[in-house]
Amino acid sequence: MNQAIFDRVRTLLGSASTGKSGDGIAQAAPDSTDGISATLALAKNEGWRVRIEGRGSWMPPNAPADLVVTSLGLDRVVKFAPADLVATVQAGISVAALERALTEGHAWLPIDAPGRPDRTIGSVIATGTAGPLREGFGPVRDHVLGCTTVTGDGQVVKSGGVVVKNVAGYDLNKLQAGGFGAFGLLTEVNIRLRAVPASDLTLIAQGGRDALTAEARRVIETKIDPGALELLSPAVAADADWVLAVRLIGGAEGVRSRAKQIRHDATVSWTALTGDQASALWHGAARAFLSGATTIRLGVLSESLDEIIDLVAEHLDLGLLSAGTGKGGLRWSGEATVEHLTRLRHVLAAREIPLTLERAEWKLRHAFGHFGAYREGVGAVVSRLRSTFDPGAIFQVPLDGTAVDG
């Protein structure tokens, strides 16, 4: 640990908000947006490289840095209005703690991000990691009404309400959701909630992949609007076969009617799970992706799902894979080299399908980048945005694989 940096940060924040990270780097854990702002302003002025961390339970906390700035001191529910179904929370609160707080007001946040329940809400938003519920409730950015972000030079930027845009015309909420912290450190988020549903039923079908994708297309044609319609590989489902899972959410009568509609003229056998069985399936699938060293997601449309699964199998394998069969989207986890991922990204770019590196060890993240410019001109736009929100280039976030020095 650089003692001089530690001493400077301790003088700024006090000993209670200063420590060292697991790999021995000076760590700042401010308990306010102002504290984050002062810390990042100091880092920019001193030219320190900064690693942003939550609990380190999703992204490996191993990017080289002079200072770690963590959101662990920002773990409160600031405001919760159950009647309005909105809440303002600090970015360091864990998903599990937030769920407990919302339950008291009979509210629910339909984001089932992969990983462990101790992930912070800031991590989920910054990485944009939506789970199967994206089918019925949309991606992570759709749940963000506004946010407070601190830029790489310590400026506090708030968006929400009347949409705030930067000079390039970008909605800041959407920029931060999936920006991996490259455009600032999230400190506070205004989120849209839902009322706890009266009924939540999961049906599953097991069998060969081709039969299940064909059944998924049939279910889509029924227009039952499921909360989730997910194809799980055997490794993710902890089953001998592929599993197609549909989650029906809403009023009790409506859920029963939709379940009956799914079973009508079904080409496979559907089984209804008990509440405990459904919880085990969905939570097990979410945690399964931590079993692989590397996790990627693809923006796949449902009509090309079979073709893209085959491409993933050709370039990687079919171990830990989950795919939304309605509105699309595919997540894969396992062992992968830069060469394998680069070839796959190149093939997908020809089809204008983005490949996002969700999590990996630093060496791979640095070489490959979180997302590539699969369309001409995207790289230049991202570079301009980075220079606007991180003028000192202090954040250790490799978006394109060449953005920072390791």
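Since we're looking at a predicted model, the values are computed, not measured. (Residues numbered from 1 in each chain as written. Predicted model: local features only at pLDDT ≥ 70, side-chain atom pairs only at ≥ 80, totals over all residues. Heavy atoms only, no water.)

J.: What's the story with the overall build of the protein in this structure? I'm lost.
T.: A tally of regular secondary structure across the protein gives 14 helices and 19 strands. Relative to its length of 406 residues, the protein is compact, with a C-alpha radius of gyration of 21 Å against a globular reference of 22 Å. The C-alpha extent of the protein, read off along each of the three principal axes, is 70 × 50 × 40 Å. Split by element, the accessible area of the protein, about 17,200 Å² in all, is 50% carbon and sulfur. Taking the average place of the 41 positive charges on the side chains of the protein and the average place of its 44 negative ones, the gap between the two points comes to 3 Å. (Helix = DSSP H or I, 4+ residues; strand = E, 2+ residues; numbered from the N terminus. Rg over C-alpha atoms; globule rule 2.2 N^0.38 Å. Areas by Shrake-Rupley, 256 points an atom, 1.4 Å probe, with all protein chains shown as cover. Lys, Arg positive; Asp, Glu negative; His and termini not counted. Charge placed at Lys NZ, Arg CZ, Asp CG, Glu CD.)

J.: Is there a simple way to think about the sheet that holds strand β4 (residues 67-70) in this case?
T.: In sheet architecture, strand pairing relies on hydrogen bonds along the backbone and comes in two forms, parallel and antiparallel. Ordered in space as β1-β2-β4-β3, the 4 strands form an open sheet in which the pairing is mixed. The open sheet has two free edges, formed respectively by β1 (18-20) and β3 (50-53), since each of these has just one partner strand. Within the sheet, the average angular offset between the axes of one strand and its neighbour, ignoring direction, is 30°. Docked against the sheet, helix α1 (residues 3-13) engages β1, β2 (26-28) and β4, running at close to 150° with respect to β1. Packing of helix α2 (residues 33-46) onto the sheet brings it into contact with β2, β3 and β4, and relative to β4 it is tilted by some 160°. (Pairing = 2+ DSSP bridges. Axes fitted to C-alpha atoms, helices over the stretch in contact; angles between N-to-C directions. Contact = heavy atoms within 4.5 Å.)

J.: When you look at unusual backbone geometry in this model, what are you seeing that I'm missing?
T.: With the exception of glycine, the majority of residues adopt a negative phi angle, and the majority of peptide bonds are in the trans configuration. For Asp 265, which is not glycine, the phi dihedral falls at a positive 60°. Relative to the helices and strands, Asp 265 is located in the loop between α9 (252-263) and β15 (271-272). Assessed through its relative accessible area of 58%, Asp 265 is described here as exposed. Residues other than glycine seldom take positive phi values, yet Glu 352 does so here, at roughly 55°. Take Glu 352: it is sitting in the loop between α12 (338-349) and β19 (355-359). (Buried < 20%, exposed > 50% of the residue type's maximum accessible area, 1.4 Å probe, protein only.)

J.: Explain the packing of α1 against α2 here, please?
T.: The description of two helices packed together rests on the angle between their axes and the distance between the axes. In the contact formed by α1 and α2, the axes pass within 10 Å of each other and the chain directions differ by 150°. Crossing of α1 against α2: the hand is right-handed. Judged by residue contacts, Arg 8, Leu 12 and Leu 13 of α1 engage Gly 35, Ala 38, Thr 39, Leu 42 and Glu 46 from α2. Class assignment of the residues belonging to the contact of α1 with α2 gives a composition of 4 nonpolar, 2 polar and 2 charged. (Left-handed = near helix turned anticlockwise from the far one by under 90°. Nonpolar A, V, L, I, M, F, W, Y, C, P; charged D, E, K, R; others polar.)

J.: Quick question: what am I supposed to make of the sheet that holds strand β17 (residues 320-324) here?
T.: Spatially, 8 strands are ordered β15-β12-β14-β13-β17-β18-β16-β19 in an open sheet, and the strand pairing comes out antiparallel. If you trace the sheet from one side to the other, it starts and ends with β15 and β19, each paired once. Pairing between β17 and strand β18 (residues 330-334): 4 bridges, direction antiparallel. When the bridges of β18 are listed, Leu 321 appears paired with Trp 332.

J.: When you look at the side chain of Thr 120 in this model, what are you seeing that I'm missing?
T.: Residue position: Thr 120 is located in the loop between β7 (107-108) and α4 (121-127). A polar contact of 3.0 Å, which involves the side chain of Thr 120, links it to the backbone nitrogen of Ser 123. Apart from residues lying up to four places away in sequence, Thr 120 is in contact with Gly 54, Arg 55, Ser 71, Ala 91, Gly 92, Ile 93, Ser 94 and Val 95. (Polar contact = N/O pair within 3.5 Å; in protein donor to acceptor, adjacent residues only side chain to side chain.)

J.: I tried to follow α1 on my own but got confused; where do I start?
T.: Each turn of an α-helix holds 3.6 residues, which means side chains three or four residues apart point in the same direction. Regarding α1, the residues found buried are Ile 5, Phe 6 and Val 9. The buried residues of α1 occupy an angular sector of 100° when projected down its axis, which confines them to one face. On its buried face, α1 is in contact with β1, β2 and β4. With a side-chain oxygen positioned 3.0 Å from the backbone nitrogen of Ala 4, the residue opening α1 is Asn 2. Positive phi shows up at Gly 14, right after α1, with a value of about 95°. (Arc of directions from axis to C-beta.)

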